[in-house]
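Read off the chains here:
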Amino acid sequence: GQQLNQSPQSMFIQEGEDVSMNCTSSSIFNTWLWYKQDPGEGPVLLIALYKAGELTSNGRLTAQFGITRKDSFLNISASIPSDVGIYFCAGQVFSGSARQLTFGSGTQLTVLP
Amino acid sequence: EPEVTQTPSHQVTQMGQEVILRCVPISNHLYFYWYRQILGQKVEFLVSFYNNEISEKSEIFDDQFSVERPDGSNFTLKIRSTKLEDSAMYFCASRGLLAGGIEQYFGPGTRLTVT
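First things first, this report covers the structure right here in the doc. Computed from a predicted model, the values in this text were never measured in an experiment.

The subject of this paragraph is the packing of aromatic side chains. Taken as a whole, this structure holds 15 aromatic pairs over all chains when the rule is applied. Both rings, one in Phe88 of chain A and one in Phe103 of chain A, keep their centres 6.1 Å apart while their planes meet at 80°; by these two values the pair is edge-to-face. With Phe88 of chain A in strand 9 (residues 85-92) and Phe103 of chain A in strand 10 (residues 101-103), the pair connects residues that are 15 residues apart, well separated along the chain. Counting every residue linked through ring pairs, the aromatic cluster contains Tyr35, Phe88 and Phe103 of chain A together with Tyr33, Tyr35, Phe45, Phe91 and Phe106 of chain B. The ring centre of Phe94 of chain A lies 3.9 Å from the NZ or CZ of Arg99 of chain A, which sits over that ring. In this arrangement the basic side chain of Arg95 of chain B is found over the ring face of Tyr31 of chain B, its NZ or CZ atom lying 3.9 Å from the centre.

Next up, the structure:
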């Protein structure tokens, strides 16, 4: 099956700093989505990217869909304590109507005061 | 804001027992999914469901698993004879046709513990 490589695996940053994480794949995805997961809870959708080259913002979050359709990055600006959590990228391939998500392994973000 | 709900939040069962996990997807959504997440690992796709039938399933979704939409609101995942390795968080997700039909919204999950 398709694999997503997400990096870094974990990050420790100071409050107020900017953060960047990315996902790469050896195969093409039609869309990319970014989710945040808090402990014991379900993934919460942050940003959805629809086409190659797209750059989309949601508040302090910015995500881009790579031109090759094999990568995506997520930036968080001016981090705050509530940004703590695990961030997952997820890709979709439009083969059939299912459009199931393939998830990356996650980036654990810790924000230090 | 509409959301996906799941019950129970935590289920403890003995190996070999049957369990049914329940989900209420967002009301106007048409595509439904089950994913699982073993502790500390990534989220993995199990099955997708559309128009009252399975549209796609992963290799994890073997004969011990089944899904059903028994009425207009509930979507269930049944594990017929649980194994220790079935212990995981199980997430239901749903998708509509708006926003290009790509956005999947997840429920809070059911933690299944098989002893």
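Turning our attention to the interface of chain A and chain B. Accessible area lost when the parts come together is the quantity often used to give the size of an interface. Across the contact, 24 residues belong to chain A and 26 residues belong to chain B. For the pair chain A and chain B, the two sides together bury roughly 1,800 Å², of which 57% comes from carbon and sulfur. Counting the surface chain A buries against chain B, the share from its top three residues, Tyr50, Gln100 and Phe103 of chain A, is 25%. If you look at where chain A meets chain B, you find zero salt bridges. For the side of chain A that touches chain B, the secondary structure elements donating two or more residues are strand 4 (31-37), strand 5 (44-49), strand 9 and strand 10 of chain A. Here the side of chain A that touches chain B gets four residues from one element, more than from any other, and that element is strand 4 of chain A. Within the side of chain A that touches chain B, the residues separate by chemical class into twelve nonpolar, ten polar and two charged.

Conventions and cut-offs
Residues numbered from 1 in each chain as written. Chains lettered and ligands numbered in written order. Predicted model: local features only at pLDDT ≥ 70, side-chain atom pairs only at ≥ 80, totals over all residues. Heavy atoms only, no water. Phe/Tyr/Trp six-rings, centres within 6.5 Å; stacked < 30°, edge-to-face > 60°. Helix = DSSP H or I, 4+ residues; strand = E, 2+ residues; numbered from the N terminus. Lys NZ or Arg CZ within 6 Å of the ring centre and 35° of its normal. Contact = heavy atoms within 4.5 Å. Buried area = accessible area lost by both parts, 1.4 Å probe. Salt bridge = Lys/Arg side-chain N within 4 Å of Asp/Glu carboxyl O. Nonpolar A, V, L, I, M, F, W, Y, C, P; charged D, E, K, R; others polar.

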